Structures are given as C-alpha cells and as structure tokens.
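Descriptive analysis of the structure
The chain contents come next:
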Amino acid sequence: MKVLVTGGAGFIGSHVVDKLIQEKCQVVIIDNLSTGLRENINPAATFIQLDIRNDEIFSLFMTEKFDFVIHLAAQTMVHKSLEMPDYDCDINILGTVNILEACRKANVKRIIFSSTAAVYGNVTALPVVETSPKAPTSFYGLSKLTCENYLSLYKEVYGLDYMILRYANVYGDRQGDGGEGGVISIFARKIRQDQPVLIFGDGSQTRDFIYVGDVANANYQSLLVDHANKICNISTQTETSVNMLIDYMGNVAGKMVVRNYNEKREGDIYKSSLSNATARKNLDWQPHMMLLEGLAKTYHSLI
Ligand SMILES: NC(=O)c1ccc[n+]([C@@H]2O[C@H](COP(=O)([O-])OP(=O)(O)OC[C@H]3O[C@@H](n4cnc5c(N)ncnc54)[C@H](O)[C@@H]3O)[C@@H](O)[C@H]2O)c1
C-alpha cells in the first residue's frame, strides 16, 4: 500500500515512517523541515520538501494516488499557540483543511489524524475517556479539536474515512526540545550535561508518558483495521508525576539530579492519564514499552 506521511521528518513522523517501511509499505513524506530534520528521514521513503498549506499538494495527490494519509505535520508548541493563535490556526487548521481537500479530491481511502490529550483540558475524573468533556486551555488544543470536527464532517459530507488518535505525552529518541511532551528529552539532555533540571510548578503534576514506538504501531494498526471513523486515546493509562519522572531518570543515568522549581506555566494541564480501552478494542493495539526501559533507551540514544 502507498502511504503519504505529512511531518515524516519530525519526531513521531519519522518513527511512523520507519514502521511503515519495515512493514513493506511504499512511503512518501512531505515536510517543510520547520522543526523536522533531514537526518530523521528514512532513505527508503520518498521525501518532498513541501508545506501542507501549499497548493502543489493537489497535483502531488493526483499523480501519486495514495491509499492512505497519515497526517502529523503541525505546529506543536502549546506556548507558541498562546502567543500567536493566528500562526497556530494557519498551520494546524488551514493546513489540515488543505490536506483534507486533497484527500477527498484524490479519493484517499482513509486519513489518520494526530490529535492530542490537550483537547480535553483540565479534566478532573481520571483516566480520561474519549467522551470526556472537551475544554482545551490552549489554542493548540482548540485547533486540534477543530480539526477533529472537520474530519467528522468530511466523513458525513464526502464519505472520507478517518481515524483520530489522541496521543498522551509521547517520548523517545529524536524528540526535539520545543514541542508538546518534550519534557523527557529536555530533562535527558540536562542530566547528560550534569545541569540542573527546571520544573514548572511543584513537580506533583502528572502526565501519561507513551513511547514513540507504541505510537507508531497505533498509526500502522489504524491502516489495517476494517472499521474506521473512531477516536482513540493512545496512552499507557498510567499517571507519572514530574518528580517521579526525575527520580527514574536519575536512576537510568546513575546520577544525582539537581532540581530547580519555577512558577507553574499558563495553559499547563495539572493531571493527566488517558484510558486506552478504545484503542485496545478498535485498533487491536496495546502499549508494550515500560517507562523505565523507554527512558533508558531515550537517554542512551543521546550523543
Ligand atoms: N509529541 C507529543 O507528545 C505529541 C502529543 C500529542 C500530539 N502530537 C502530535 O503529533 C504530531 C507530530 O508531533 P511531533 O512531536 O513529532 O512534532 P515535530 O515538530 O517533531 O513534527 C512535526 C513535523 O511537521 C513538520 N511541519 C510543521 N509544519 C509544517 C507545515 N506547515 N508543512 C509541512 N510540514 C510541517 C515539521 O517540520 C516536523 O517535521 C503533531 O501533529 C502533534 O500535534 C504530539
């Protein structure tokens, strides 16, 4: 099968591409390299440097006739979305609508959309299920939720099948410092350089950390299953506090980690854990990587 991966030079996208290549798919990547890196790109994939907002994608879709599209390209920074909501909207909403238009005109079978736990906002009842209230606290969360609604209406109006994957905090090698969920890569680099780690708030805030290889598997499974048009959390369903995370990372590195505490950041969610029952049922998927092992892999991948 022929698959287009938008954002395939990025952190998660490059792991998705590796999984697809391993499964013998024909893969084309479009990425504008705004945060992605050429060195992340699997040489077995065809790479086209292109912005998802560019009209050239229409001729590309017509010529290449993709079976599936895995859409990961996005502006992923929560804080940038709060500083520049128009910038976030341009890439995340208008860029996605451009991809959706190309999908429907070129009769793509299914689009897999990378959404986020940020669509929920501060939910008090954990673990969060897909039907929990949606109250994003950032424009990034709002733009992703808006795209989800576009996908649902594209299905209703044009019959374009979709799968929406709402990732918890993804971690693993090749993760940059800036995007959503980058806390592990930021801490790992600091610990490696024997520098103190900076914690926003008192460190009791929790996150659900999911390994990037498990996320790549969920994307691949989304192409295989018969039933589409589902929304699935992709998570471990486990809460880990930031303080606990630093303890684990200190163990992995064999170092005492110095912690500096700063004020909590606007828009940050306090507690997070996502139920993964829907993904287990609908994607025939489950997370495999244990946190300590994943942290060790991530830490030791740093040069
Ligand atoms: N990392 C996480 O924890 C996490 C959590 C939830 C959701 N997500 C979502 O997963 C997807 C991938 O995130 P990531 O962490 O790998 O980020 P990333 O920044 O590493 O990857 C994004 C990729 O998209 C490319 N890109 C950005 N704007 C583009 C544009 N206008 N045209 C073409 N390419 C463009 C970038 O160059 C980059 O390669 C995003 O949609 C993000 O919102 C990530």
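Read on for an overview of the structure. (Residues numbered from 1 in each chain as written. Predicted model: local features only at pLDDT ≥ 70, side-chain atom pairs only at ≥ 80, totals over all residues. Heavy atoms only, no water.)

1. What to know about the site of the ligand
Residues in close proximity to the ligand total 31 residues, the closest being D31, T35, L72, Y140 and K144. In this structure, G10 approaches the ligand through a main-chain N or O atom, which is 3.1 Å from an oxygen atom. D51 is positioned with one of its side-chain polar atoms (N or O) 3.1 Å from a nitrogen atom of the ligand. Broken down by secondary-structure element, the contributors of at least two residues to the shell around the ligand are α1 (11–22), β5 (110–116), α5 (139–158) and β7 (169–171). The element best represented in the shell around the ligand is β5, accounting for three residues. (Near = heavy atom within 4 Å. Polar contact = N/O pair within 3.5 Å; in protein donor to acceptor, adjacent residues only side chain to side chain. Helix = DSSP H or I, 4+ residues; strand = E, 2+ residues; numbered from the N terminus.)

2. Details of the packing of helix α8 (residues 242–253) against helix α10 (residues 291–301)
Where α8 meets α10, the closest approach of the two axes is 9 Å, and the angle between their N-to-C directions is 60 degrees. In this view, α8 runs oblique relative to α10, as classed from their interaxial angle. Judged by the twist between their axes, the crossing of α8 over α10 is right-handed. On α10, the residues touching L245, Y248, M249, V252 and A253 of α8 are L291, L292, L295, A296, Y299 and H300. Its residues placed into classes, the contact of α8 with α10 shows ten nonpolar, one polar and no charged. (Axes fitted to C-alpha atoms, helices over the stretch in contact; angles between N-to-C directions. Parallel < 35°, antiparallel > 145°, perpendicular 65-115°, else oblique. Left-handed = near helix turned anticlockwise from the far one by under 90°. Contact = heavy atoms within 4.5 Å. Nonpolar A, V, L, I, M, F, W, Y, C, P; charged D, E, K, R; others polar.)

3. Quick notes on the packing of helix α6 (residues 183–192) against α8
Two measures define how a pair of helices packs: the angle their axes make with one another and the distance between the axes. Running from N to C, α6 and α8 point in directions that differ by 45 degrees, and their axes come no closer than 11 Å. Between α6 and α8, the interaxial angle falls into the category oblique. The handedness of the crossing between α6 and α8 is right-handed. Two secondary-structure elements touch here, α6 through V183, I184, F187, A188 and I191 and α8 through V242, L245, I246, M249 and A253.

4. Side note on the nonpolar core
Core analysis: the biggest nonpolar cluster contains 64 residues, and I12, L20, V27, I70, L165, I234 and L283 have the highest contact counts within it. Ignoring any residue separated from it by four or fewer positions in sequence, one finds I234 in contact with L165, R166, Y167, A168, I210, V215, A218, A279, L283 and W285. I52, F113, L151 and I164 belong to the second largest nonpolar core, which has 28 residues in total. (Core = buried A, V, L, I, M, F, W, Y, C linked by side-chain atoms within 4.5 Å. Buried < 20%, exposed > 50% of the residue type's maximum accessible area, 1.4 Å probe, protein only.)

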